[in-house]
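Below, each chain spelled out in residue letters.
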Amino acid sequence: MTKEVGFIGLGNMGQPMVLNLLKAGYTVKVYNRTPSKAVAVVEAGAQQVNKLCDAVTTGGIVITMVSNDQALEEIVLGPDGFAQKLGAGGIHLSMSTVSPETSKKLAASHQQHGSYLVASPVFGRPEAAAAQKLNILSSGPLEAKERVKPVQEALGQRVFDISEEPGAANVIKLGGNFMIMAAMEAMAESFNLAEKNGIDRELAAEVYASTLFNCTVYQGYGQMIAKKRFEPAGFQLSLGLKDCNLVLDEANATKTPMPLANLVHNRLLASVTKGRENQDWSALTRISMEEAGLE
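Here's a quick rundown of the structure. (Residues numbered from 1 in each chain as written. Predicted model: local features only at pLDDT ≥ 70, side-chain atom pairs only at ≥ 80, totals over all residues. Heavy atoms only, no water.)

The next thing to look at is the overall build of the protein. Scanning the protein for helices and strands turns up 13 helices and nine strands. In terms of C-alpha radius of gyration, the protein reaches 20 Å, essentially the compact-globule figure of 19 Å for 295 residues. Its C-alpha atoms give the protein principal-axis dimensions of about 65 × 45 × 35 Å. Split into buried and exposed, the 295 residues of the protein put 51% on the buried side. For the protein, the accessible surface area stands at approximately 13500 Å², while carbon and sulfur atoms represent 52% of it. (Helix = DSSP H or I, 4+ residues; strand = E, 2+ residues; numbered from the N terminus. Rg over C-alpha atoms; globule rule 2.2 N^0.38 Å. Buried < 20%, exposed > 50% of the residue type's maximum accessible area, 1.4 Å probe, protein only. Areas by Shrake-Rupley, 256 points an atom, 1.4 Å probe, with all protein chains shown as cover.)

This is the structure in structure tokens:
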């Protein structure tokens, strides 16, 4: 298998992912709408291209890590999109957080050109991407998943094979993001209760994260929420609202009641209304603090 890939999207997640591919010995052609974001990866050995399709090799592998469904559809299906160039035998490894419906739509388009879509969203913030600690989901045709698995393994610590259905990995990703949002709200309310009773909220966070909830989400976000520290943003609140909207869209489409998702959606929406869209998505907990008179 050739160790050459294309990579489109060099945001907070894309840059460290490209660096790990380079460390693993891959030749990486990169494209980003804002060319200046490619500087660090080019210095590390990536090849920058000026046109979207130049990052794509017919029959090869191209990775996308972009901000939303609209951006993903544009780079694949738009006037300058790469769907046709990817061609027979090509694989689109889609690592963005998008709706299952978008993955199904793109998979159908790729199939018309003889290529494949592997939906492969990830769990992990930029620091996890840099440390090669991402947990990677994978859904799509079996043969295509096997071919891209070495690429996925160069980017993370574990690959979870979800299904051959193109949108299945996206369902799991959205469910996971919802659970993080719900956990952040629960942490905020518990820490508020501690603080209102004269107990150090950082101590409360330490107790919970080292006993009942000894896991990454409670340890990482717990410290941010306890310290009321929401900048710099590892994952912007506006993107959290986008993901929550996708969760509710899927819930409505499948007639799945998700009352907690509606609650955290209101937190996110109110936060954006207050001008906090560029803070970390854990800033959704500021609403709870305000209601408790603690901010």
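Here we take up the nonpolar core. Core analysis: the largest hydrophobic core is formed by 35 residues, its most contacted members being Met184, Met187, Tyr221 and Ile225. At the level of secondary structure, the elements contributing two or more residues to this core comprise α8 (168–196), α9 (201–210), α10 (216–227), α11 (237–253) and α12 (259–273). The leading source of residues in this core is α8, at 11 residues. With residues up to four places along the chain from it excluded, the contact list for Ile225 reads Met184, Met187, Ala188, Phe191, Arg201, Phe230, Ser282, Thr285 and Met289. Judged by nonpolar contacts, the second largest core, of 31 residues, contains Phe7, Met17, Tyr26 and Val41. (Core = buried A, V, L, I, M, F, W, Y, C linked by side-chain atoms within 4.5 Å. Contact = heavy atoms within 4.5 Å.)

Turning to the packing of α8 against α12, a few remarks are in order. Packing of α8 against α12 brings their axes to within 10 Å, and their N-to-C directions diverge by 75°. If you check the angle between α8 and α12, you find them roughly perpendicular. In contact with Phe178, Met181, Ala182, Glu185 and Glu189 of α8, α12 contributes Leu260, Ala261, Leu263, Val264, Arg267 and Leu268. Looking at the contact of α8 with α12, its residues break down into eight nonpolar, no polar and three charged. (Axes fitted to C-alpha atoms, helices over the stretch in contact; angles between N-to-C directions. Parallel < 35°, antiparallel > 145°, perpendicular 65-115°, else oblique. Nonpolar A, V, L, I, M, F, W, Y, C, P; charged D, E, K, R; others polar.)

Here we come to the packing of helix α3 (residues 69–77) against helix α5 (residues 100–112). The interhelical angle for the contact between α3 and α5, taken along N-to-C directions, is 5°, at an axis separation of 11 Å. With respect to each other, α3 and α5 are oriented roughly parallel. Each of Asp69, Leu72, Glu73, Val76 and Leu77 in α3 lies in contact with α5, whose residues at this interface are Thr102, Lys105, Leu106, Ser109 and His110.

Here the focus is the packing of aromatic side chains. Applying the stated rule across the entire model yields four aromatic pairs. Between Phe191 and Tyr208, the ring centres sit 6.4 Å apart and the planes meet at 10°, which makes this aromatic pair stacked. Residue Phe191 is found in helix α8, and its partner Tyr208 is found in helix α9; the two are separated by 17 residues along the sequence. Judged by its relative accessible area of 29%, Tyr208 is partly exposed. Three or more aromatic residues link up through ring pairs in this structure, and these residues are Tyr221, Phe235 and Trp281. Seen from the ring of Tyr26, Lys3 lies directly overhead, with NZ or CZ sitting 4.7 Å from the centre. (Phe/Tyr/Trp six-rings, centres within 6.5 Å; stacked < 30°, edge-to-face > 60°. Lys NZ or Arg CZ within 6 Å of the ring centre and 35° of its normal.)

On to the state of the cysteines. In this structure the tally under the stated criterion is zero disulfides. The thiol of Cys215 is not disulfide-bonded; the next cysteine sulfur, from Cys244, is found 20 Å away. (Disulfide = S-S within 2.5 Å.)

Following Glu231, the chain continues into Pro232 via a peptide bond in cis, with omega recorded as 0°. One can find Pro232 in the loop between α10 and α11. Of note, Lys255 is a non-glycine position whose phi angle comes to about 55°, a positive value. Within the secondary structure, Lys255 is located in the loop between α11 and α12. Residue Lys255 is classed as exposed on the basis of its relative accessible area, which comes to 75%.

Another point: α11. An ideal rise of 1.5 Å per residue puts 24 Å on 17 residues; α11 measures up with 24 Å between its terminal C-alpha atoms. Where the residues of α11 are buried, they touch α3, α5, α8 and α12. Of the residues trailing α11, Lys255 is marked for its positive phi of about 55°. (Expected span 1.5 Å × (residues − 1).)

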